[in-house]
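# Working through the structure, step by step
If you want the building blocks of each chain, they are given just below.
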Amino acid sequence: MTEQEILRRESLAKLREMGVEPYPAEMYEVTAHAADITQNYREEVLEDGTKNRLNFQEVSLAGRVMASREAGKAMFMNLQDSSGRIQLYLRRDDFLTEEGAPIFDTLVKKLLDLGDYIGVKGFAFKTKTGEVSVHVQQLTFLSKALRPLPVVKKDADGNTFDAFTDPEQRYRMRYVDLTVNTQFREIFLKRSRMIRTMRSYLDELGLLEVETPILQPIHGGAAARPFRTHHNTLDMELYLRIANELYLKRLIVAGFDGVYEFGKMFRNEGMDRTHNPEFTALEFYVAYKDYVWMMQVTEQMLERVARALSPDGSSRATVGEHEIEFAGPYRRLTMYEAVREYTGIDVESADEAALRSYCRQEQIETDNSMGKAKLIDEIFGEKVEHHLIQPTFLIDYPVEMSPLTKKHRSSPGLVERFELFVNGKEVANAYTELNDPVDQRERFEDQLRLAARGDEEAMAMDEDFLRALEYGMPPTAGIGFGIDRLTMLFTGQASIQEVLFFPQMRPEK
RNA sequence: GAUCUCGUAGCUCAGUCGGUAGAGCACUUGACUUUUAAUCAAGGAGUCAUGGGUUCGAGUCCCAUCGAGAUCACCA
């Protein structure tokens with residue numbers, strides 16, 4: 001233990017000796033919050049020059065002591081609650097035992113430490129320097145802190161000193177990070193508001209919120225390596241889901257017109273500033289619709305999110321150096337048009353060899369297992385994707401890369417799929433769902449052939465899903481959103497770790 | 001997985017050419033009854049990430065390991 005930790009344990013023991021419980025069980029009545037008082041306190045100056053305080057004259061608030069300044073027989077502290085900070089003013093003469101013995105020096109000045117949770121009762125007033133404060137008449141210890149918090153200071157110009165900045169410590173000890181770096185709370189408030197806005201939009205559309213299995217016997221619905229686990233009683237291998245798509249479609253088969261799920265997905269792949277092993281997706285599926293309808297819904301939903309998150313209700317958001325307009329309609333570009341526009345290649349007429357030589361020329365990595373579709377996708381990723389700053393629907397993908405997507409109504413070799421790109425990154429993936437069970441079986445068989453060639457991410461055959469389709473699934477549109485990526489977009493964060501409370505870390509020591 | 005950078009007091013950081021471990025804040029003691037990065041005086045606090053090596057001597061140089069960040073590869 002460090003010196004400071006030992007001292008705090010000694011303070012704890014002394015409090016108990018004095019009959020003060022540092023961790024009381026009973027609730028503490030809170031009648032006011034810091035931000036409300038500092039923003040709404042009113043007082044008037046009477047004709048004789050005295051001040052008349054108009055509100056907050058009997059308040060009870062609770063929070064953490066974040067700073068203290070002793071001034072002789074008085075003391076100032078900053079109390080932080082969930083709404084913000086407020087200054088407390090304490091005078092020695094206000095703190096006496098029932099017998100009248102002074103306890104200010106011992107109890108408050110010595111045994112109260114930064115980081116302690118306390119409750120205070122008193123009245124609001126303005127100090128000589130004009131700061132709205134609470135004159136404390138009664139103080140209650142609510143929880144003693146045994147470790148010192150980092151002390152982050154700010155001066156009058158807003159300059160920060162000794163900020164708690166080490167990303168490793170911030171992510172490992174989010175409780176400390178969010179206590180002292182309160183600006184990061186805003187990211188998570190926005191994340192919550194974003195999800196709430198989407199949920200209420202989907203509820204208005206009449207969709208049903210559902211939950212589907214995370215432990216799955218067959219990992220389907222996406223191309224990714226799964227986490228494996230084992231169920232003891234069943235004595236069988238299970239996978240943490242990489243997607244919930246096939247289960248949501250079973251519910252469409254079951255006769256629900258529309259279903260949605262916000263849920264964690266798990267992918268056993270690399271970690272970097274845009275990938276965490278577990279991440280959150282929103283997927284929804286709506287019967288009797290197609291991907292054209294889904295584009296309009298996407299535009300409406302994201303516009304609503306943007307307005308909910310911007311301070312002035314604007315549909316625009318600033319992301320890095322770009323101002324992004326989320327009100328629709330968004331630009332629509334086919335995969336082929338996009339590649340032609342940014343590279344000049346006519347991918348429709350080009351053959352595999354021509355694409356391969358272009359990749360060589362542009363130093364785009366390829367391997368021999370890649371077919372024409374995969375090569376186009378590689379070129380898109382290298383040459384096009386980062387140009388798509390304003391929301392852009394990229395539509396109509398080659399059939400080989402979309403085993404769950406319905407064939408295009410008019411363009412052979414393509415499927416009815418779109419991905420939404422914003423700020424050069426994919427944020428949603430949608431399609432007119434494949435509901436032809438015979439076609440779906442053939443697509444799975446193609447995937448099996450890929451797996452046999454060593455593709456670890458190829459989808460497995462899911463006989464029960466095929467059986468469901470054979471019972472009949474109505475024509476359906478479906479979409480998946482990366483909630484973490486969207487949060488990054490709307491909060492201007494470059495790292496996924498900043499939008500997750502507890503990003504995955506290697507174990508300490 | 002590869003490459004580069006980083007790891008020193010509770011926090012933020014110095015530490016020169018290899019020669020006794022430093023500062024500010026925090027902490028302790030004292031002064032001050034409207035302070036606010038409070039101020040003033042004095043003081044305490046370190047397994048220099050871990051383990052080896054070179055050297056008379058290593059925070060510093062070399063190797064390995066652990067952890068983090070950035071870039072790249074894969075993926076969303």
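Reading the values: the criteria
Residues numbered from 1 in each chain as written. Chains lettered and ligands numbered in written order. Predicted model: local features only at pLDDT ≥ 70, side-chain atom pairs only at ≥ 80, totals over all residues. Heavy atoms only, no water. pLDDT = per-residue confidence, 0-100. Pairing = 2+ DSSP bridges. Helix = DSSP H or I, 4+ residues; strand = E, 2+ residues; numbered from the N terminus. Contact = heavy atoms within 4.5 Å. Axes fitted to C-alpha atoms, helices over the stretch in contact; angles between N-to-C directions. Core = buried A, V, L, I, M, F, W, Y, C linked by side-chain atoms within 4.5 Å. Buried < 20%, exposed > 50% of the residue type's maximum accessible area, 1.4 Å probe, protein only. Salt bridge = Lys/Arg side-chain N within 4 Å of Asp/Glu carboxyl O.

Before going further, it helps to examine the confidence of the model for chain A. Residues at a pLDDT of 70 or more form 99% of chain A, whose mean pLDDT is 92. Two summary scores accompany this predicted model of the complex, namely pTM at 0.92 and ipTM at 0.91.

Another point: the pairing of strand S17 (residues 322-325). When strand S16 (residues 316-319) meets S17, the two strands line up antiparallel, connected through four bridges. Directly across from Arg316, in S17, lies its bridge partner Glu325. Counting the residues in the hairpin turn of S16 and S17 gives two residues, including Gly320, whose phi is positive at 60°.

Taken in spatial order, the eight strands make up an open sheet running S10-S14-S15-S22-S21-S20-S19-S18, and their pairing is mixed. At either margin of the open sheet sits one strand with a lone partner, and together these are strand S10 (208-209) and strand S18 (331-334). Across the face of the sheet, helix H7 (residues 245-253) comes into contact with strand S14 (258-266), strand S15 (278-287), strand S21 (425-432) and strand S22 (476-482) while running at roughly 25° to S15. Strands S18, strand S19 (392-398) and strand S20 (414-422) of the sheet are contacted by helix H9 (residues 335-343), whose axis makes an angle of about 90° with S18.

Once that is clear, we can look at the nonpolar core. A general feature of soluble globular proteins is that nonpolar side chains tend to end up buried together. Residues Met198, Leu282, Phe284, Phe326 and Phe481 are the most contacted members of the largest nonpolar core, which totals 42 residues. Per-element accounting of this core gives the leading share, 10 residues, to helix H8 (residues 291-309). Non-local contacts of Phe481, meaning those with residues more than four positions away in its chain, are made with Met198, Thr280, Ala281, Leu282, Phe284, Thr298, Met301, Leu302, Val427, Ala428 and Leu486. Ile37, Ile103, Val136 and Phe141 belong to the second largest nonpolar core, which has 35 residues in total.

With that settled, consider the environment of Glu325. With respect to the helices, strands and loops of the structure, Glu325 is situated in strand S17. For Glu325, a relative accessible area of 24% gives the class partly exposed. When the C-alpha atoms of Glu325 and Tyr239 are compared, they prove to be 39 Å apart, with 86 residues separating the residues in sequence.

Counted according to the given criterion, the structure contains 38 salt bridges. Its salt-bridge partner being Glu43, residue Lys51 comes within 3.8 Å of it at the nearest N-O pair. On the basis of relative accessible area, Lys51 is assigned to the partly exposed category, the value being 49%. Arg191 is the salt-bridge partner of Asp484, the closest N and O atoms lying 2.9 Å from each other. Pair noted here: Asp484 is in helix H14 (residues 483-491) and Arg191 is in helix H6 (residues 185-204), with a separation of 293 residues, a long-range link. The exposure class of Asp484 is buried, given its relative accessible area of 2%. According to the relative accessible area criterion, Arg191 is buried, its value standing at 12%. Among the charged side chains, a network of salt bridges with common partners joins Arg170, Arg174, Asp177 and Glu498.

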